[in-house]
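What follows is the residue order along each chain.
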Amino acid sequence: MTVEWTKTAQEHLDEIYRYIARDSEFYAKRMVDRLTRRSIQIADFPFSGREVPEYRLKQIREVIEGSYRIIYYIKSGSIDVLAVLHCAQDCLKDSDQ
């Protein structure tokens, strides 16, 4: 399956990069690389992630990488990465911002 990163998810990656880069551009790039590489697992094994507890829909799942939740939606022929949030964030509250 193909994995598409939504504009929102891409913005989240940019925010994560900028936040970490304040201390280290090296580690910021490393974390964003780790997050984006998870799309390989998502593409090969879409149901390997757990259902997102806030939504309780089989098509909305997440994988954890470090301190981040990669939330994605499984469609019939592709997968959309919807968000990349820190584990401490409330995905329902933060998705409106």
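A brief structural summary. These numbers were taken from a predicted model, which means no experiment stands behind them.

**Some points on the packing of aromatic side chains**
Then, number 1: Under the defined criterion, the tally for this structure stands at one aromatic pair.
Then, number 2: Geometrically, the ring pair formed by F26 and Y27 is edge-to-face, given 5.0 Å between the ring centres and 80° between the ring planes.
Then, number 3: For Y27, a relative accessible area of 48% corresponds to the partly exposed category.

**Some words on the pattern of salt bridges**
Where charged atoms from two side chains of opposite charge come close, those side chains can pair.
Then, number 1: A complete count under the given rule lists eight salt bridges for this structure.
Then, number 2: A salt bridge links R34 to E65; its shortest N-O distance comes to 2.7 Å. Linking R34 in helix α2 (residues 25-44) with E65 in strand β3 (residues 60-65), this pair joins segments that are 31 residues apart in sequence.
Then, number 3: Close ionic contact of K75 with D80 constitutes a salt bridge, the shortest N to O distance being 3.0 Å.
Then, number 4: Of the residues examined, K75 reaches a relative accessible area of 34% and is grouped as partly exposed.

**Quick word on the nonpolar core**
Then, number 1: Of all hydrophobic cores here, the largest spans 20 residues; its most connected members are W5, L35, I70, V81 and V84.
Then, number 2: Every element with two or more residues in this core is listed here: β1 (2-5), α1 (7-21), α2, β4 (68-74) and β5 (78-86).
Then, number 3: Top contributing element to this core by residue count: α2, with six residues.
Then, number 4: In terms of nonpolar packing, the next biggest core, distinct from the first, is built from five residues, V52, I60, A83 and L85 among them.

**Considering the pairing of β3**
Then, number 1: Counted residue by residue, β3 has five buried out of six residues, so it is predominantly covered.
Then, number 2: Judged from the two bridges that link them, strand β2 (residues 50-51) and β3 form a sheet pairing that is antiparallel. Pairing of R50 across the sheet is with E62, part of β3.
Then, number 3: Sheet topology note: the β3/β4 ladder contains six bridges and is antiparallel. Bridging from a neighbouring strand, E65 pairs with Y68 of β4.
Then, number 4: Counting the residues in the hairpin turn of β3 and β4 gives two residues, including G66, whose phi is positive at 60°.

**Examining the side chain of H12**
Then, number 1: If you trace the backbone, H12 turns up in helix α1.
Then, number 2: A distance of 3.1 Å separates a polar atom in the side chain of H12 from the backbone nitrogen of V84.
Then, number 3: Contact partners of H12, with chain neighbours within four places excluded, come to A83, V84 and L85.

**A few points about the sheet that holds β4**
Then, number 1: Read across the open sheet, the five strands follow the order β1-β5-β4-β3-β2; overall the sheet is mixed. Two strands lie at the open edges of the sheet, namely β1 and β2, each paired on one side alone.
Then, number 2: Of the strand pairs in this sheet, β4 and β5 are connected by seven bridges, and their pairing is antiparallel. Note on β5: the bridge partner recorded for Y72 is V81.
Then, number 3: Sheet strands touched by α1: β1, β4 and β5. Its angle to β5, the strand with the most contacts, is close to 35°.
Then, number 4: Sheet strands touched by α2: β1, β3, β4 and β5. Its angle to β3, the strand with the most contacts, is close to 135°.

Conventions we followed
- Residues numbered from 1 in each chain as written.
- Predicted model: local features only at pLDDT ≥ 70, side-chain atom pairs only at ≥ 80, totals over all residues.
- Heavy atoms only, no water.
- Phe/Tyr/Trp six-rings, centres within 6.5 Å; stacked < 30°, edge-to-face > 60°.
- Buried < 20%, exposed > 50% of the residue type's maximum accessible area, 1.4 Å probe, protein only.
- Salt bridge = Lys/Arg side-chain N within 4 Å of Asp/Glu carboxyl O.
- Helix = DSSP H or I, 4+ residues; strand = E, 2+ residues; numbered from the N terminus.
- Core = buried A, V, L, I, M, F, W, Y, C linked by side-chain atoms within 4.5 Å.
- Pairing = 2+ DSSP bridges.
- Polar contact = N/O pair within 3.5 Å; in protein donor to acceptor, adjacent residues only side chain to side chain.
- Contact = heavy atoms within 4.5 Å.
- Axes fitted to C-alpha atoms, helices over the stretch in contact; angles between N-to-C directions.

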